[in-house]
Amino acid sequence: MTDLRTEEFEINMGPHHPSTHGVCRLLLTMDGEKVVKVVPYIGYLHRAIEKICENRTYAMCIPILDRFEYVTAMSCNYVFSLAAERLAGIEVPERAEYLRVIMLELNRIASHLIFFGTTAMDIGALTPFLYALREREYIMDLFEMTCGQRLTYNYIRVGGVSKDIPEKFIPQCRETIATITDKVEEYKRLLNGNPIWKVRTIGIGKLDAELALAYGVSGPILRASGVDYDLRRDDPYSIYDRFDYKIPVYQNGDVFDRYMVRLDEIQESCKIVAQALDGIEEGPIRAKVSPNFKPAAGETYTRIENSRGEMGVYLVSDGTKKPFRVKARGGSYPHLQLLPEVATNCLIADLVAIFASFDVILPEVDR
């Protein structure tokens, strides 16, 4: 009788594979359909954003950092502005704080809608992608009427925001968040009971809390593994302490729970936006800040809760109009680093689902 033997082989998944979204290469060692080893390779997108910012004034850094994590570019604008404001001791007007929270949470919703649509499409369901883009358009319309842009905004500036909202913004925004709140329930009905969806997501890519913390995981992925941690509440900034909202936490740490955390977060963000719309009052939208202001020499690390986890900026001032050092932190890097731990000994079809559930944005990784 002849012994049957399998032979391992290597294949490249990406950078042109549709589920790697264009700029990530995964080198896979395979045993048939089983992934024996996965090694992520980066370096296809490097644009030296941090070094470019060190050769610009603080105000000129804002549109550069828009590209750092373009799916939630409002967060990029905000985290750098907040760091510069802390260095320079700039106090932001009350109305500007409300406008910032509204824009940050709307952008979080738009990001999670992209996650919902692309993850479902990567796993094999096209309809959710079309639904998600439909709802996201309502938010893009709000951004466009406010600042003229739909992807990279250059809206949140050092000292406040660039423009006030138009008169029709508030009623249209209320209508948008009411629609999206209802649509999320429709999304859950569409997928949660689907037997194919359940097989492809439940129990797949499980990540326990201990491993997640060891790798510096943050955001929805950490909360899907049972860790109740959110910087908006646990390291407060802006005016988030004025709003009533819940932090969705799940326990299984699998693809399904990572998907559910984000859907629940959409609904919680809608609550925050509604409260901010109720509380906003008339007033100035920007502090008086010179375009060439010079913060006192010093350093700060400022962090916020982005849709992908902790986003931070380490900023060093030498007392001139240009930052001496800019170092950005995105949530996607530790998540991509974690992939070999979670995606080993799974099927290649499951690797697609796991990678999608990490919601990696490559500019955060390859800066």
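The structure contained in this document is the topic of the report that follows. (Residues numbered from 1 in each chain as written. Predicted model: local features only at pLDDT ≥ 70, side-chain atom pairs only at ≥ 80, totals over all residues. Heavy atoms only, no water.)

## Thoughts on the environment of E135
The topology assignment puts E135 in helix α5 (residues 127-147). On a C-alpha basis, the gap between E135 and I177 in space is 9.6 Å, while along the polypeptide they are 42 residues apart. Every residue in contact with E135, bar those within four places of it in the chain, is listed here: L113, I180, K183 and Y187. Separated by 2.7 Å, the side chains of E135 and R134 make a polar contact. (Helix = DSSP H or I, 4+ residues; strand = E, 2+ residues; numbered from the N terminus. Contact = heavy atoms within 4.5 Å. Polar contact = N/O pair within 3.5 Å; in protein donor to acceptor, adjacent residues only side chain to side chain.)

## Some thoughts on the packing of aromatic side chains
Following the criterion strictly, the structure yields 10 aromatic pairs and no others. Arranged with centres 4.8 Å apart and planes meeting at 65°, the rings of F143 and Y153 form a pair that is edge-to-face. Here the residue F143 occupies a position in helix α5, and Y153 occupies one in the loop between α5 and β4 (156-157), the gap between them amounting to 10 residues. No difference in accessibility class separates F143 from Y153, as the two residues are buried. Between W197 and Y259 the ring centres are 5.1 Å apart and the planes differ by 70°, which places this aromatic pair in the edge-to-face class. With W197 in helix α7 (residues 195-201) and Y259 in helix α11 (residues 255-279), this residue pair connects regions lying 62 residues apart in the sequence. A relative accessible area of 4% means that W197 is categorised as buried. Chaining the aromatic ring pairs together yields one cluster made of F116, Y187, W197, F256 and Y259. In this structure, R134 is placed above the aromatic ring of Y131, and the distance from its NZ or CZ to the ring centre is 4.6 Å. Sitting over the face of the ring of F115, R262 holds its NZ or CZ atom 4.1 Å from the ring centroid. (Phe/Tyr/Trp six-rings, centres within 6.5 Å; stacked < 30°, edge-to-face > 60°. Buried < 20%, exposed > 50% of the residue type's maximum accessible area, 1.4 Å probe, protein only. Lys NZ or Arg CZ within 6 Å of the ring centre and 35° of its normal.)

## As for the sheet that holds strand β8 (residues 325-329)
Strands sit in the order β6-β7-β8 across an open sheet of 3 strands; the sheet is antiparallel. The sheet terminates laterally at β6 (298-306) and β8, the two strands that pair on one side only. Each neighbouring strand pair of the sheet contributes to a mean axis angle of 10°, computed without reference to strand direction. For strand β7 (residues 309-317) and β8, the ladder comprises 5 bridges, and the chain directions are antiparallel. By the bridge assignment, V313 is partnered in β8 with A328. (Pairing = 2+ DSSP bridges. Axes fitted to C-alpha atoms, helices over the stretch in contact; angles between N-to-C directions.)

## Overview of empty space enclosed by the protein
In total, this model carries 1 cavity of 30 Å³ or more according to the counting rule given. Space inside the largest cavity adds up to approximately 50 Å³. Counting only elements with at least two residues in the lining of the largest cavity, the list comes to α4 (94-123) and β6. Of the residues belonging to the lining of the largest cavity, the class tally is 4 nonpolar, 5 polar and 2 charged. (1 Å grid on protein atoms, 1.4 Å probe; cavity = no way out; pocket = protein on both sides within 12 Å on 5 of 7 lines; lining within 4 Å. Points joined across faces, edges and corners; volume = space filled by probe spheres on them. Nonpolar A, V, L, I, M, F, W, Y, C, P; charged D, E, K, R; others polar.)

## Some words on the pairing of strand β3 (residues 34-41)
Across 7 bridges, the pairing between strand β2 (residues 25-31) and β3 is antiparallel. Along β3, the bridge assignment pairs R25 with Y41. Hairpin geometry of β2 and β3 is characterised by an intervening segment of 2 residues between the two adjacent antiparallel strands and by a positive phi of about 70° at G32.

## Overview of the environment of R189
Here R189 lies in helix α6 (residues 169-191). The sequence separation of R189 and V249 amounts to 60 residues, and the corresponding C-alpha distance is 20 Å.

## Some remarks on the packing of α6 against α11
The interhelical angle for the contact between α6 and α11, taken along N-to-C directions, is 160°, at an axis separation of 10 Å. Accordingly, the angle class assigned to the pair α6 and α11 is roughly antiparallel. Note that α6 runs across α11; the crossing there is left-handed. Facing α6, whose interface residues are F169, I170, C173, R174, I177, I180, T181, V184, E185, Y187, K188 and L191, α11 presents Y259, M260, L263, D264, I266, Q267, C270, V273, A274, L277 and D278. Looking at the contact of α6 with α11, its residues break down into 16 nonpolar, 2 polar and 5 charged. (Parallel < 35°, antiparallel > 145°, perpendicular 65-115°, else oblique. Left-handed = near helix turned anticlockwise from the far one by under 90°.)

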